[in-house]
Amino acid sequence: MKITQQSTDNTLTLALDGELDASSSVLLDTELTKPDVLKYQKVLIDCQKLNYISSAGLGVFISHLQQFQDAGVKLVFFNMQEKVHNVFEILGLDALMTIVPSAVEASAI
Amino acid sequence: MKNAIRISCNRSNLKVVRDFVSTYLAAYSLSDLHLNQIVLAVDEVVANLIIHANGEDESQHLNLHLSVKDHVFGIEIEDDSKSSYAPSSYREPDLQEHIRTGKKGGVGMTLVNRIMDRVEFTTSGSRNVCRLYKKIS
């Protein structure tokens, strides 16, 4: 798992590259736990190169969502591959998280 | 086609298991989505066995055996940990509650149960076996 960060004044974009499983999700959790993350209005997760996600990866997002909401930070996923989106769907997480097709829609939120 | 593998209880072997299952199923021309679901279900059970049942003790091992019979994919995952999973302890998760409390785990077996057609856990003596089945035609 490789995580590339890009930020503007109010938006942090994390581009995920690889597979998010019980081994690699620790790295993502570390990134999302940094206090600076809560300074942004939006945290965008670019999933274009995210080839796989297991419950451990989903759990990282689930565990941070409330804290983000409390701090007024919007968490938005975009460019998600169908097979990864399907994992969110199986659990019904697609209805609880903001997932949009592309960077354009993500920026507009 | 290789249909059996033995791995030590280290998280880094999850990728090895996913590749093993994907390679085995390549001959069956499943859709990306269908293949990913089966690989995910196996990954979830193996992660639980490595992390929870065996405490990531690398001296412990899991034996995995794959088969396809009458258009049904089957996997047998065997270990000899003292703590075996009791399916009767399973509860459907309340995701809103998980979000509210910031809970990280507890949805892996939900994925397994929703993806696979049949999920069995048995213990005989010191040997625990998990069997998962999914129709693939």
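Computed from a prediction, not measured in an experiment: that's the story for all the values here.

Considering the interface of chain A and chain B
Tallying the contact residues gives 24 residues for chain A and 26 residues for chain B. If you list the elements that add at least two residues to the side of chain A that touches chain B, you get helix 2 (55-70) and helix 3 (82-91) of chain A. Of the residues contributing to the side of chain A that touches chain B, the split by class is eleven nonpolar, nine polar and four charged.

What about the UniProt feature "domain: STAS" (unreviewed entry) in chain A?
In the numbering used here, UniProt assigns the feature "domain: STAS" (unreviewed entry) to residues 1-109 of chain A. Helix makes up 38% of residues 1-109 of chain A and strand makes up 33%, while its end C-alpha atoms are separated by 27 Å.

Quick notes on the sheet that holds strand 1 (residues 4-8) of chain B
All names here are of chain B. Overall, antiparallel pairing links the five strands, which are arranged 1-2-3-5-4 in an open sheet. Strands with a single pairing partner mark the edges of an open sheet, and in this sheet they are strand 1 and strand 4 (118-124). If you compare each strand with its neighbour and ignore which way they point, the axes differ by 15° on average. Inspection of the sheet shows strand 4 paired to strand 5 (residues 127-135) by seven bridges, in the antiparallel sense. Its bridge partner lying in strand 5, Thr123 is registered against Asn128. Relative to strand 3 (residues 72-79), helix 2 (residues 32-53) is tilted by about 10°, and along the sheet it contacts strand 2 (61-69), strand 3 and strand 5.

What counts as what
Residues numbered from 1 in each chain as written. Chains lettered and ligands numbered in written order. Predicted model: local features only at pLDDT ≥ 70, side-chain atom pairs only at ≥ 80, totals over all residues. Contact = placed C-beta atoms within 7 Å. Helix = DSSP H or I, 4+ residues; strand = E, 2+ residues; numbered from the N terminus. Nonpolar A, V, L, I, M, F, W, Y, C, P; charged D, E, K, R; others polar. UniProt positions renumbered as here; feature names shortened; annotations may be inferred. Pairing = 2+ DSSP bridges. Axes fitted to C-alpha atoms, helices over the stretch in contact; angles between N-to-C directions.

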